[in-house]
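Spelled out, the chains give:
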Amino acid sequence: MNEWCALPIPYPDELLYSVIARYHIRSNNTSPKWTLREVFGTDNVIPTIDLPSHLDALSRRNVVQIMADEWINRHTFYTYYAPFLPDSLAIRVKALMRSTDGSGIHALVGITASTIDQTNRLWFCPSCYEQDIQRYGEPYWHRIHQLPGVYLCPHHRRVLHELTSPLSDRHGLNVLPISRHMFRSIAVIEDLPNKLIDRLSDIAEDIHLLVQQNKLPALYDLRKAILPRLTEKGFVTVLSRIRQQKLCEQPVLFYGRELLDLLDSDPLEVRYSWLEQSTRTARRAVHPLRQLLLIRFLYGSFREFLNRTDVTNAPFGNAPWPCLNKAADHYKNLVVTQCDITRCSDTGQPVGTFVCSCGFSYSRRGPDRSEEEKYYRGRIKSFGPIWSDKLKQCMQEGMSYRSTAERLGVDTNTVIKYANGKSPVREVPLKPKHAKKSGTAPTPKNTRKSPRMRVDWEKRDLELSWNVEQVCKAI
Amino acid sequence: MSEFDVPLFHFSRGEFVEADYQDPLLEDYRNNPLLEALPPIWDDKTVVNELASEPIFNASERDLPVHLRLHCVQRISRDFFRPLSRHLELQQSISRLIRDGYVGRNPLTLNYAFRARKDAYELIMQGNTSGYPVNTPTSAGFALVGISGIGKSSSLLRILQMYPQVILHRKYRGQDMPAPFQIVWLKMDCPHDGSIRGLCLNFLLAVDSLVGTKYYKKNVTKNPDELLPLMAQAAAVHCLGVLVIDEIQNLQEAKDDRAAQMLNFFVQLVNTIGLPVILVGTYKALPALNGEFRNARRNSGQGDATWHHFKKDEEWNWLLQGLWKYQWTDKKVELDQEFIDVMYEESQGISDIAIKLFMLTQWRALDKELESVTPGLIRSVAKDRLTLIRPALEALRSGKKAQIQKFADIYDSVSIDDYLDRIEAEQRQAERLEVIRTELGYDVTEQTINEVSAWLIEAGVTQAIASQAAEEVTKLHLHELDEIDLHN
């Protein structure tokens, strides 16, 4: 056979398997073994659809110069699986794909052990089929149509079809024929209600966006990334634990069991649901499809999720930040999700105003240069009800001004001021406790009024009930 | 023992180059890498200079010993070629044929991707391509028919070799090329025991040889019906510009009632993939080439390409004039009407025979230590050495069709002597002859006068005096031009 091959130029989002199949039909090889030998340098290779190997050899033998990395990133499933693997593992998988021994790839990625159906099958969108012939002169297998979880074409919102005949075995190469009369196919699912079509189309769009990322997002330890949103949606306890039962139930209600069954992702069917795995400290990889289901449930779409984490200019890091209200039970816990960034008119440096749901808000001049600076407090913008109540309590207990100030983390004069009936709502600039030493502290021209705070009534009830209990004991 | 189990067709070798894209100047040729990588379209002047070939000659060689001069004469056979008007016409036909064929085969278009596929062939053959973004190829191809020895094959090969044979494309304007190899031309000669199947397999063998594929090895057991789609696809994938099949009369199918099958084969090549095909053969192939291929030929817009033997006309004189320079006998004789007459009489206007006769006569003169060639010597040599073809030449001399028809190789019944066509052809011929004269220095006397005159003017002599002086000197010393080559 040839010592080289002239692989066709790949089309947009074309599967490498498809390029090889087109080469097979273009070179008029009778036996697929000839093609494999020409393309890979050996016929001791199974033409894999998802994560092929021998890609360095293929790249070397191909007259048209396309690097192995380009084949891997644009024409295989690598960008589907890699973001959800540990970095070291993703690198190792790519190395195996380039090498001549790909026998361990499926096990490494977790495909072998996965409960999501991974049988080799070739799907296409009937509208893409017609469009590709008019646009490129011939049809081809799209990568997006083969990825697990994709039942509808993200471009045409149309149910995919599966090639049923002619079909060769796993050693063969299946070409998408040039004419509809030359093959037979069936729709992969039928009689879908519109709601399900919308959902499946949305999921296909998420997957499409995922595999097109030039820079792979790091999504192995998804818990870190989604914790703020989980907190926001009420799936996190005051002690920063996940409400697992609630988390199991809500996505099921959101998606419907029919859809989750179709996607082999019903979390209620197994003892250890994938949702628990997704929201715990990462110990094993979770299938990309399931991670995307969770992301869409929490953020509305994968795109929204990416937009959240794509903050390139984050002078104070990313949410969450610690609450520095010493009167609160969650003092120094990472519960603050809102940070308004402005610019100091004197120094031009960013100023972050952090607002906690307990009503306590503080500001700090940035940018932060280390993780420890997260716990620096500049000015206190507002104290919130919990702090005020704690102050009253200390006064009633007869504590001294100094002791109370130490207890609440403020200056003695502040205690004196507020203990004498000052309204806690009024905002007064105070001397910063941990202000950095500088020649002259900048004089603020305007004190920006913080937005009206939404009170967490559940937390307030909890605090008040404690107060009531204390008073009862006293009585 | 040969590793191939079919008779081998000889195929000619050419140049392999990297693509260098140039503006083709014509709008319909632009943005097509196959056309932009071709050499520019040549004018007649350039073609004449490219095609002409002269043996090494130095008048002083006449002083060499006889045994060395015998070798000098051999150079004529190897290196002598004088372009004639028919060559210029042929070059233009080929130029248009190749380019016209490439217009619809741009590898950057959908058409290429479609036609490169094996399963597309079925649609093409059934005529079911209306729903696909492919163009209908313009039929292109012609037959070149003439007597053996008239110079068809050598002329064709010289013209083809003005083009690179294979062009390697890597990137076209920064874009990867789907077709890395462009085979501009492929010329195959049919052996005496050739067949259509042999032709198909040898075609694959030739493509393998040119671009490093292994079509032959994979398909050696197939029959012509299976091989034709494969040929079509290989020609499409590798952008074959023109396929020349020489000595077509040698195909077995051309010799009997399977001629229709053979013709259908070539028509399919032309029609299915728009591959220009040139069939070259002697008059023996003419009956087979009538009918379908003739229609295909006419549809292409190419003219009748039957080459007859020369008439005793200006062009014949021109050919002999060029040949006559190369004499290594003791004394050079000038070409006069007697020589013209006897050469034509003995060769009947077949250029190959005339050249061989000229060489044979010189060899005999040298061998016999005769001072020069003479008309009588030419007749004597022709009588002795051209015995085998004498009956055929006698038939030509008689001019009787019944007589000529007995010798199939010189049968010319298809010659249509349309008056208007002849007048137009003669005019074209005269114009081309003028170009040839200008470029190759037909009028040595006038050219020499002009050159000497230019020297004198450059030295300060006035033009009138310079012209007159140059003319006088040239006339006095014209016979010495062989010793001094003023034009090098």
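None of the values given here were measured: they were computed from a predicted structure.

Structural notes on the overall build of chain B
Point 1. If you tally the helices and strands in chain B, you get 22 helices and 11 strands.
Point 2. Looking at chain B residue by residue over its 488 residues, the buried ones come to 52%.
Point 3. Of all intrachain contacts in chain B linking residues separated by at least 6 positions in sequence, the fraction that spans at least 24 positions is 77%.
Point 4. Total accessible area on chain B is roughly 22500 Å²; 50% of this is exposed by carbon and sulfur atoms.

A look at the overall build of chain A
Point 1. In terms of helices and strands, chain A carries 19 helices and 9 strands.
Point 2. The long-range share in chain A, meaning contacts at least 24 apart out of those at least 6 apart in sequence, stands at 61%.
Point 3. In the form shown here, chain A has an accessible surface area of approximately 23900 Å², with 49% of it arising from carbon and sulfur atoms.

Concerning the nonpolar core
Point 1. If you look at the biggest cluster of nonpolar residues, it comprises 102 residues, and the most contacted ones within it are Leu 51, Ile 207, Phe 302 and Phe 305 of chain A.
Point 2. Those residues in contact with Ile 207 of chain A that sit more than four places away from it in its chain are Tyr 80, Ile 144, Leu 147, Pro 148, Gly 149, Val 150, Leu 289 and Leu 292 of chain A.
Point 3. Counting residues in each nonpolar core, the second largest holds 50 residues, with Ala 6 of chain A together with Tyr 216, Ile 245 and Leu 269 of chain B among its members.

Quick look at the interface of chain B and chain A
Point 1. Counting residues at the interface gives 30 residues for chain B and 32 residues for chain A.
Point 2. Together chain B and chain A conceal approximately 2600 Å² of surface at their shared face, both sides included; 56% is due to carbon and sulfur atoms.
Point 3. Between the two partners, chain B and chain A, sit 2 salt bridges.
Point 4. Here Lys 218 of chain B and Glu 38 of chain A are joined by a salt bridge, their closest N and O atoms 2.7 Å apart.
Point 5. At the surface where chain B touches chain A, the tally comes to 11 residue pairs in polar contact (both at pLDDT 80 or more).
Point 6. Secondary-structure elements contributing two or more residues to the side of chain B that touches chain A are α5 (110-115), α6 (118-126), α9 (215-219) and α10 (224-237) of chain B.
Point 7. In terms of residue count, the dominant contributor to the side of chain B that touches chain A is α6 of chain B (5 residues).
Point 8. Here the side of chain B that touches chain A is built from residues that sort into 17 nonpolar, 5 polar and 8 charged.

Topic: helix α2 (residues 44-51) of chain B
Each α-helix winds once per 3.6 residues, and so residues spaced three or four apart point in a common direction.
Point 1. Burial in α2 of chain B covers these residues: Asp 44, Val 47, Val 48 and Leu 51 of chain B. One side of α2 of chain B carries all its buried residues, which in axial view fall inside an arc of 100°.

A closer look at the pattern of salt bridges
Point 1. What the rule picks out here adds up to 33 salt bridges over all chains.
Point 2. In this structure, Asp 13 of chain A and Arg 143 of chain A form a salt bridge, with 3.0 Å as the shortest nitrogen-oxygen distance. With Asp 13 of chain A in the segment before α1 (16-27) and Arg 143 of chain A in the loop between α8 (126-136) and β2 (161-165), the pair connects residues that are 130 residues apart, well separated along the chain.
Point 3. Under the relative-accessibility criterion, Arg 143 of chain A is labelled buried at 3%.
Point 4. Among the salt bridges present, the one from Asp 189 of chain B reaches Lys 187 of chain B, with a minimum N-O distance of 3.1 Å. No difference in accessibility class separates Asp 189 of chain B from Lys 187 of chain B, as the two residues are buried.
Point 5. Salt bridges sharing common partners tie together Glu 14, Arg 22, Arg 26 and Glu 138 of chain A together with Arg 117 and Asp 119 of chain B.

Quick notes on the rules
Residues numbered from 1 in each chain as written. Chains lettered and ligands numbered in written order. Predicted model: local features only at pLDDT ≥ 70, side-chain atom pairs only at ≥ 80, totals over all residues. Heavy atoms only, no water. Helix = DSSP H or I, 4+ residues; strand = E, 2+ residues; numbered from the N terminus. Buried < 20%, exposed > 50% of the residue type's maximum accessible area, 1.4 Å probe, protein only. Contact = heavy atoms within 4.5 Å. Areas by Shrake-Rupley, 256 points an atom, 1.4 Å probe, with all protein chains shown as cover. Core = buried A, V, L, I, M, F, W, Y, C linked by side-chain atoms within 4.5 Å. Buried area = accessible area lost by both parts, 1.4 Å probe. Salt bridge = Lys/Arg side-chain N within 4 Å of Asp/Glu carboxyl O. Polar contact = N/O pair within 3.5 Å; in protein donor to acceptor, adjacent residues only side chain to side chain. Nonpolar A, V, L, I, M, F, W, Y, C, P; charged D, E, K, R; others polar. Arc of directions from axis to C-beta.

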